[in-house]
Amino acid sequence: MHKLLAEVRACRLCEADLPLGPNPVVRASSAARLLIVGQAPGTRVHKTGIPWNDPSGDRLRSWLGWSREQFYDESLTAIVPMGFCYPGKGKSGDLPPRPECASAWHDKLLALMPHIELVLLIGQYAQKHYLDKPYGTLTETVRHFADYGPLYLPLPHPSPRNQLWLRRNLWFERDVVPELKRRVSRFSG
């Protein structure tokens with residue numbers, strides 16, 4: 001795993017397309033039991049090299065019911081986004097994750113993580129990549145989360161930009177978050 005992570009962190013596949021240059025942000029361990037697949041790092045994560053080190057991460061940890069220490073414990077959690085580097089800014093937020101990362105690295109990383117019991121698929125890019133039959137929209141995919149268990153659990157992105165989605169979909173906090181907390185509680189002792 002150490003050799004592969006060194007290769008990932010040295011990756012320059014899409015360097016010419018990255019406005020801030022390459023800085024692959026990924027955490028993985030052969031012991032991990034929970035895999036978090038998000039979109040791509042934002043600028044704050046790009047600068048610090050720490051995944052989910054922003055308000056989105058704060059909300060995600062709240063949904064999990066976990067402390068920062070639990071969240072960053074590599075014996076429990078692997079964090080492998082769809083795109084490992086900051087993709088740049090678009091009209092209404094960050095650009096989509098670069099496609100090179102998932103095709104080049106995901107299968108190799110997953111092959112070295114045999115103990116994964118739960119994969120959190122955060123956002124439409126992760127859901128489209130990993131789910132055989134996602135529903136037509138992220139909302140419907142998340143609403144039908146039970147269809148993908150026990151391995152996968154689709155979630156919306158916890159970004160502060162998703163406040164309107166959360167207000168319109170109160171069932172998420174009522175139905176999905178408690179199930180998420182129940183599923184991850186077995187990893188946190």
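Residues numbered from 1 in each chain as written. Predicted model: local features only at pLDDT ≥ 70, side-chain atom pairs only at ≥ 80, totals over all residues. Heavy atoms only, no water.

**Quick notes on the overall build of the protein chain**
Part 1 of the argument: A count of helices and strands for the protein chain gives nine helices and six strands.
Part 2 of the argument: In terms of overall dimensions, the protein chain is globule-like: its C-alpha atoms have a radius of gyration of 16 Å, near the 16 Å expected for 189 residues.
Part 3 of the argument: Expressed along its principal axes, the backbone C-alpha trace of the protein chain runs to roughly 40 × 40 × 30 Å.
Part 4 of the argument: Residues counted as buried form 49% of the 189 residues belonging to the protein chain.
Part 5 of the argument: Put simply, of all contacts in the protein chain between residues at least 6 apart along the chain, 70% involve residues at least 24 apart. (Helix = DSSP H or I, 4+ residues; strand = E, 2+ residues; numbered from the N terminus. Rg over C-alpha atoms; globule rule 2.2 N^0.38 Å. Buried < 20%, exposed > 50% of the residue type's maximum accessible area, 1.4 Å probe, protein only. Contact = heavy atoms within 4.5 Å.)

**Re helix H5 (residues 100-111)**
Part 1 of the argument: Listing the buried residues of H5 in full gives Cys 101, Ala 102, Trp 105, His 106 and Leu 109. What you see down the axis of H5 is that its buried residues fit within an arc of 115°, all on one side. Exposed side chains of H5 directed beyond 90 degrees from the buried face belong to Ser 103, Asp 107 and Ala 111.
Part 2 of the argument: Summarising the contacts, the buried residues of H5 are in contact with helix H1 (2-9), strand E1 (34-37) and helix H6 (124-130). (Arc of directions from axis to C-beta.)

**A look at the packing of H1 against H5**
Part 1 of the argument: Interaxial distance between H1 and H5 falls to 11 Å at its minimum, and their mutual angle equals 165°. In terms of orientation, H1 and H5 fall into the roughly antiparallel class. Considering how the two elements wind past one another, H1 and H5 form a crossing that is left-handed. Counted together, Leu 4, Leu 5, Glu 7 and Val 8 of H1 and Trp 105, Lys 108 and Leu 109 of H5 form the full contact between these two elements.
Part 2 of the argument: Within the contact of H1 with H5, the residues separate by chemical class into five nonpolar, no polar and two charged. (Axes fitted to C-alpha atoms, helices over the stretch in contact; angles between N-to-C directions. Parallel < 35°, antiparallel > 145°, perpendicular 65-115°, else oblique. Left-handed = near helix turned anticlockwise from the far one by under 90°. Nonpolar A, V, L, I, M, F, W, Y, C, P; charged D, E, K, R; others polar.)

**As for the packing of aromatic side chains**
Part 1 of the argument: According to the stated counting rule, one finds seven aromatic pairs in the structure shown.
Part 2 of the argument: An angle of 85° between the planes, with centres 6.5 Å apart, marks the rings of Tyr 135 and Tyr 148 as edge-to-face. Here Tyr 148 lies in the loop between helix H7 (138-143) and strand E6 (152-155) and Tyr 135 lies in the loop between H6 and H7, a separation of 13 residues in the sequence.
Part 3 of the argument: Consider the rings of Trp 171 and Phe 172, whose centres lie 6.4 Å apart with planes at 80°: the pair is edge-to-face. One exposure class covers both Trp 171 and Phe 172, and it is buried.
Part 4 of the argument: Put simply, the rings of Trp 63, Trp 165, Trp 171 and Phe 172 pair up and form one aromatic cluster.
Part 5 of the argument: Positioned above the aromatic ring of Phe 71, the side-chain terminus of Arg 61 is 5.1 Å from the ring centre. (Phe/Tyr/Trp six-rings, centres within 6.5 Å; stacked < 30°, edge-to-face > 60°. Lys NZ or Arg CZ within 6 Å of the ring centre and 35° of its normal.)

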